[in-house]
Structures are given as C-alpha cells and as structure tokens.
Amino acid sequence: MPVLVWLFGGTRVIVGALVGTVLICDGVLLDFRLNAIIDQRVSEGTAVTGRIVQADRFRVSRSSSVTRMTVAYSVDGVAYQERFSSELDGGRRRAGEELTVYVDPDDPAKAATADGYATEDLLLQLPILLGVAGGLAIVAALVWIKTGRRPGSE
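Residues numbered from 1 in each chain as written. Predicted model: local features only at pLDDT ≥ 70, side-chain atom pairs only at ≥ 80, totals over all residues. Heavy atoms only, no water.

Draft legend 1. Region of the structure containing the nonpolar core. Counting 12 residues, the largest nonpolar core is built from Val48, Ile52, Met69, Val71, Tyr73, Val75, Phe84, Leu99, Val101, Val103, Ala111 and Tyr117. Those elements that provide at least two residues to this core are strand E1 (46-59), strand E2 (65-75) and strand E4 (98-103). It is E2 that provides the largest number of residues to this core, a total of four residues. With residues near it in sequence (within four places) discarded, leucine 99 still touches Val48, Thr49, Gly50, Ile52, Met69, Val71, Arg93 and Thr113. (Core = buried A, V, L, I, M, F, W, Y, C linked by side-chain atoms within 4.5 Å. Buried < 20%, exposed > 50% of the residue type's maximum accessible area, 1.4 Å probe, protein only. Helix = DSSP H or I, 4+ residues; strand = E, 2+ residues; numbered from the N terminus. Contact = heavy atoms within 4.5 Å.)

Draft legend 2. Looking closely at unusual backbone geometry. Even without a glycine there, the phi angle at aspartate 76 is positive, about 55 degrees. Mapping aspartate 76 onto the fold places it in the loop between E2 and strand E3 (78-85). Assessed through its relative accessible area of 78%, aspartate 76 is described here as exposed.

Draft legend 3. Here's a closer look at the packing of aromatic side chains. Using the criterion set out here, one finds two aromatic pairs in the structure. An angle of 20 degrees between the planes, with centres 5.7 Å apart, marks the rings of tyrosine 73 and tyrosine 80 as stacked. For the ring pair tyrosine 73 and phenylalanine 84, a centre distance of 6.5 Å and an interplane angle of 80 degrees mean the geometry is edge-to-face. In this pair, tyrosine 73 sits in strand E2 while phenylalanine 84 sits in strand E3, placing the two residues 11 residues apart along the sequence. On the basis of relative accessibility, which here comes to 3%, the residue tyrosine 73 falls in the buried class. Exposure remark for phenylalanine 84: the relative accessible area of 0% places this residue in the buried category. Through pairs of rings, three or more aromatic residues link up here, namely Tyr73, Tyr80 and Phe84. (Phe/Tyr/Trp six-rings, centres within 6.5 Å; stacked < 30°, edge-to-face > 60°.)

Draft legend 4. Molecular detail of the environment of threonine 100. Along the polypeptide, threonine 100 turns up in strand E4. Residue threonine 100 is classed as partly exposed on the basis of its relative accessible area, which comes to 39%. On a C-alpha basis, the gap between threonine 100 and aspartate 115 in space is 9.9 Å, while along the polypeptide they are 15 residues apart. With near-sequence residues (within four places) excluded, threonine 100 lies in contact with Ala47, Val48, Ala112 and Thr113.

Right, here's the structure in full:
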C-alpha cells in the first residue's frame, strides 16, 4: 500500500510541475503574440492625436506596476474614449497629456501606442498572471517533494 501512495503522490508532483511549465510557456507565447499585434497596429494603423483623460497606476507586485489610462481621440469626426493599458510601465503618464494613437483601420475602437500601450481588448496582463500561476504550481510541486506533504496541510 505505501508504494501506491508514493506512486500517486509522485504523479501529482509531476503533473503539478508540468502544469506550471505549461502555464509559464503559454504566458511567454502569449506575450510574443500580444507584442506582435501591438506592432502590427502601430505599423498599419492610422495615426491620430489623443488626449489622456484619466491615468491610474496599479501595483501588480513589489517590483512591477501597470498604468491604465483612458484616452480620448477621434477618427473621421467620430469621437472615441477607450481604456488603454500596458503590460509593465516604466514611465508615468498624466491626465491632459497628448499622445499619438495608432488606430486599427477596420475597428477604430482598437488602438495602440508606439510605447506599448494598447486598448484593453488585448488583455496585456494575462501573460504575467499565467507566469505567476505557473511559478506557484512549480513551487508547490517542489515543496511537496521536499516535505512529502501537500502545501497547506499540517
């Protein structure tokens, strides 16, 4: 009987490590894809001038933060006000600043800036969340190997 418990416990550890690795890889691949979409919007989009209506900074972890901003711009006389965000933000944006927005020719509600901001249809924070979830799954599997118990059980 102890052999079966060890075998199934070992299987869970392997599955946990595999799930963590897959989540991290998915996050990396999604990040590359999102950056390619932003680059495509910037290279193929119509450049218009937008004004930041509101800018909020959110702390994701101790070392990283995200800026979400609402930008007002108009295309062919039609006014748009869209929420933009960036995966990680090193600069500070303030309300009232002007910036160049590259608008998707097919859907003016989808836009990006040259410095990596994009409308929130892209979910730019998802790669970070997948990477963190994968890292936690791998750490939990390693704790399980080291202690022989599930994390959180006494």
